[in-house]
Amino acid sequence: MFPSWPMRFHHTPRGSSKSGEESTDSGSAVHALSSRGEGSRLELESPVGRKASSSSDHHQMIDQMHHLQIPQQLEVASASNSPRTGISQPQLARPTSEKRRGAGSNSERMLDAKTLRRLAQNREAAKKSRLRKKAYVQQLESSRIRLSQLEQDLQRARSQGFFMGGGGGAGGNISSGAAIFDMEYARWLEDDHKHMTEIRTALQAHLSDGDLRVILDGYITHYDEIFRLKGVAAKSDVFHLITGMWTTPAERCFLWMGGFRPSELVKMLTAQLDPLTEQQVMGIYNLQRSTEQAEGALSQGLEQLQQSLTDTIASGSVNDSMHHMAVALGKLTNLEGFVRQADNLRQQTLHQLHRVLTVRQAARCFLVIGEYYGRLRALSSLWASRPRETFIGDDILCQATTDLQMVQQSSQNHFSNF
Amino acid sequence: MHYHAESYGNYNASTVRQNAAVDPLERVVRLASGSAVVIFSLSTCCMCHAVKRLFCGMGVNPTVYELDLDPRGKELERALMRLLGDGSAVPVVFIGGKLVGAMDRVMASHINGTLVPLLKEAGALWL
């Protein structure tokens, strides 16, 4: 990048990063020096002590001044000559290196046309080099800022339990009902985390069934709350719920009618809930069947709604299109009913689990549910921050790997109960 | 599924006189007692379609009254709305002559395991 960067006697490391940026500053500084004449008013300070306006070219002047110590009177004379001829400051950069290399006939060189041309080319090369360096440094600075912002975002997401609400990012066109719900949901997730910690502690402390029941009832009420909030949100923005914009991408992948599929949840739990009594096995089996039947019925109802909607939108000539639009709007209002019934199904499923299982089993069961969705949200977060392009570099790769290890560790701790 | 459209077909004079005198709510109750599983519905309502699919999926054969196809269906709708105290009049389900309720109540009773015994008791479901 800087192949022709000449040597500096008093060039400090700090100076090297500043010099590129201050090359434009140096112009004014050295012009000032030039205008003062033969440099007799140059300050003989070390570059380290110089303030921000110092530059490589200023260093050049110092170097040249230090050459005063070396018995090369001719160099001093030629250095002085340059300001007087009124040539701009970059010229001062070159003469020093030139002089260092070829010590003898400088006074003749100053008049040689070929030399002048070469000096001009060198000036241009040095100028381009300085500009390239400046651009590169600016690019590095902005990348550094971007990286620290990424790290901050990741830190924040991690502390919020990997909540990656998609609603806010979608072009900014989010309805107020949806925005309010997203905020309430974020708060609900924080409460969820607290409830889970409370249950985990209670299980590990081997509290009595009575005490555990109180804690568990609190958790059920907590779930009732989110279904109530979703009901309110469905009235103002059913599309926000039904498209899953309030959840993370991985959760959205498994979305059924604006939330989790109850039969899938029961299926997932069946493996985790051993050992069960005969009666409990029957209870869970019946719950799985009834949720499947209910889901099937609702899905068929929604299908009919979609078919009806398609027919309305597709039919009609240009003349009565407004009428058909009004009819279609009317049909759309039925969506809210389906999301409400689906949420009702989810709520009833959780309540039934609470009924079928013992207090201890139910506590563990709800922990499993919370853990499962926590991991799903974490998956979304990791997926979003995975390294995709090589130029990002090993730093982020290491960071993402560290995150993965942290998630694994925390998950292992959580699941140690089962 | 049995669809009853009392407006068409088998009307005789005595039936008409009977129906004319009956208060809508009484008519609802009378109709509901007529079969093991009775669903009051609207032919265009998708949620009604869902509840019908639910029962058919369980092997039940409900009797369905499409109120939009009944000349006095509007009265029945209003009566049902007053009965439920809720926004939508349909779908409403009666089992064994007793009111179960709208879709959410039907779903809840299926999930908590009370629907199947009720159906068996009414003779709508065996095994």
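Given the structure is predicted, the values throughout are model-derived calculations rather than measurements.

S.K.: Describe the overall build of chain A, naming the residues involved and giving the relevant values.
M.R.: Scanning chain A for helices and strands turns up 17 helices and 0 strands. Counting all 418 residues of chain A, 41% fall into the buried class. Sequence-distant contacts in chain A: of pairs separated by 6 or more residues, those separated by 24 or more amount to 74%. Summed over all atoms, the accessible surface of chain A reaches about 22900 Å², with 57% contributed by carbon and sulfur.

S.K.: Talk me through the pairing of strand 3 (residues 63-66) of chain B; I want residue IDs and the actual numbers.
M.R.: Look at any regular strand and the pattern is simple: side chains alternate between the two faces of the sheet. Residues and elements named next belong to chain B. Burial along strand 3 is two-sided: the residues Thr63 and Tyr65 and Val64 and Glu66 are all buried. Pairing between strand 1 (residues 2-3) and strand 3: 2 bridges, direction parallel. Paired with histidine 2 across the two strands is threonine 63, which belongs to strand 3. Sheet analysis places strand 2 (residues 37-41) next to strand 3, joined by 4 bridges and oriented parallel. Paired with phenylalanine 40 across the strands is tyrosine 65, a residue of strand 3. Since strand 2 and strand 3 lie parallel, the crossover through helix 3 (residues 46-57) that links them has a hand, and here it is right-handed.

S.K.: Outline the environment of alanine 179 of chain A, supporting the account with residue identities and numerical values.
M.R.: Residue and element names in this part refer to chain A. Following the sequence through the fold, alanine 179 ends up in helix 8 (residues 176-204). Look at alanine 179 and you get partly exposed, because its relative accessible area is 30%. Separated by 67 residues in sequence, alanine 179 and tryptophan 246 have C-alpha atoms that sit 9.0 Å apart.

S.K.: How would you summarise the interface of chain A and chain B if you had to cite specific residues and measurements?
M.R.: The partner chain B presents 16 residues to the 20 residues of chain A that form the contact. Carbon and sulfur atoms supply 67% of the area that chain A and chain B bury against each other, a total of about 1500 Å² over both sides. Three residues, Gln293, Gln304 and Gln341 of chain A, lead the burial of chain A against chain B; their summed loss comes to 29% of the area buried on that side. The interface formed by chain A and chain B contains 0 salt bridges. Counting the contacts that link chain A with chain B gives 5 residue pairs in polar contact (both at pLDDT 80 or more).

S.K.: An account of the nonpolar core is requested, with residue identities and associated values reported.
M.R.: Within the largest apolar cluster, 96 residues are counted, with the highest numbers of intra-cluster contacts made by Ile369 of chain A together with Phe40, Phe55 and Leu119 of chain B. Ignoring any residue separated from it by four or fewer positions in sequence, one finds phenylalanine 40 of chain B in contact with Val28, Leu31, Tyr65, Leu67, Leu80, Val90, Pro91, Val92 and Phe94 of chain B.

S.K.: A description of the confidence of the model for chain B should follow, citing residues and the corresponding values.
M.R.: Residue and element names in this part refer to chain B. Chain-level statistics for chain B give a pLDDT mean of 87 and a share of 85% at 70 or above. Predicted confidence is poor over residues 6-14, with pLDDT under 50, and the contacts of this stretch with residues over four places away or in other chains come to 10 contacts. If you check the scores for this complex, the pTM reads 0.63 and the ipTM reads 0.87.

S.K.: Give me the lowdown on the side chain of aspartate 343 of chain A, citing residues and values where you can.
M.R.: Inspection of the secondary structure puts aspartate 343 of chain A in helix 15 (residues 334-356). Of the residues examined, aspartate 343 of chain A reaches a relative accessible area of 1% and is grouped as buried.

S.K.: Please provide a residue-by-residue account of the pairing of strand 4 (residues 92-95) of chain B, values included.
M.R.: All names here are of chain B. Side chains of strand 4 alternate between two faces, with Val92 and Phe94 and Val93 and Ile95 buried alike. As paired elements, strand 2 and strand 4 share 4 bridges and run antiparallel to each other. When the sheet's bridge partners are listed, valine 37 is paired in strand 4 with isoleucine 95. Adjacent in sequence and paired antiparallel, strand 4 and strand 5 (residues 98-101) are bridged by 2 residues, among which glycine 96 carries a positive phi angle near 60°.

S.K.: Help me get a handle on the pattern of salt bridges, residues and values and all.
M.R.: A side chain with one charge may pair with a side chain of the opposite charge, provided their charged atoms come close. All names here are of chain A. This structure, assessed with the given rule, holds 14 salt bridges over all chains. A salt bridge links glutamate 371 to arginine 200, with the nearest nitrogen and oxygen atoms 3.1 Å apart. With glutamate 371 in helix 16 (residues 359-384) and arginine 200 in helix 8, the pair connects residues that are 171 residues apart, well separated along the chain. On the basis of relative accessible area, arginine 200 is assigned to the buried category, the value being 11%. For aspartate 209, the salt bridge goes to arginine 360, with nearest N and O atoms at 2.9 Å. Here the residue aspartate 209 occupies a position in helix 9 (residues 209-236), and arginine 360 occupies one in helix 16, the gap between them amounting to 151 residues. The network of salt bridges with common partners includes Lys230, Asp343 and Arg346.

S.K.: With reference to specific residues and values, describe the packing of helix 3 of chain B against helix 5 (residues 103-111) of chain B.
M.R.: Between two packed helices, what matters for the description is the angle formed by their axes and the separation of those axes. Residue and element names in this part refer to chain B. Direction vectors running N to C along helix 3 and helix 5 enclose 25°, while the axes themselves pass 11 Å from each other. By the angle class used here, helix 3 and helix 5 are roughly parallel. The interaxial crossing formed by helix 3 with helix 5 has left-handed handedness. Along its contact with helix 3, which presents Met47, Ala50, Val51, Leu54 and Phe55, the element helix 5 presents Met103, Val106 and His110. Taken together, the residues that form the contact of helix 3 with helix 5 break down as 7 nonpolar, 1 polar and no charged.

Procedures and definitions
Residues numbered from 1 in each chain as written. Chains lettered and ligands numbered in written order. Predicted model: local features only at pLDDT ≥ 70, side-chain atom pairs only at ≥ 80, totals over all residues. Heavy atoms only, no water. Helix = DSSP H or I, 4+ residues; strand = E, 2+ residues; numbered from the N terminus. Buried < 20%, exposed > 50% of the residue type's maximum accessible area, 1.4 Å probe, protein only. Contact = heavy atoms within 4.5 Å. Areas by Shrake-Rupley, 256 points an atom, 1.4 Å probe, with all protein chains shown as cover. Pairing = 2+ DSSP bridges. Right-handed = clockwise from strand over helix to strand, strands pointing away. Buried area = accessible area lost by both parts, 1.4 Å probe. Salt bridge = Lys/Arg side-chain N within 4 Å of Asp/Glu carboxyl O. Polar contact = N/O pair within 3.5 Å; in protein donor to acceptor, adjacent residues only side chain to side chain. Core = buried A, V, L, I, M, F, W, Y, C linked by side-chain atoms within 4.5 Å. pLDDT = per-residue confidence, 0-100. Axes fitted to C-alpha atoms, helices over the stretch in contact; angles between N-to-C directions. Parallel < 35°, antiparallel > 145°, perpendicular 65-115°, else oblique. Left-handed = near helix turned anticlockwise from the far one by under 90°. Nonpolar A, V, L, I, M, F, W, Y, C, P; charged D, E, K, R; others polar.

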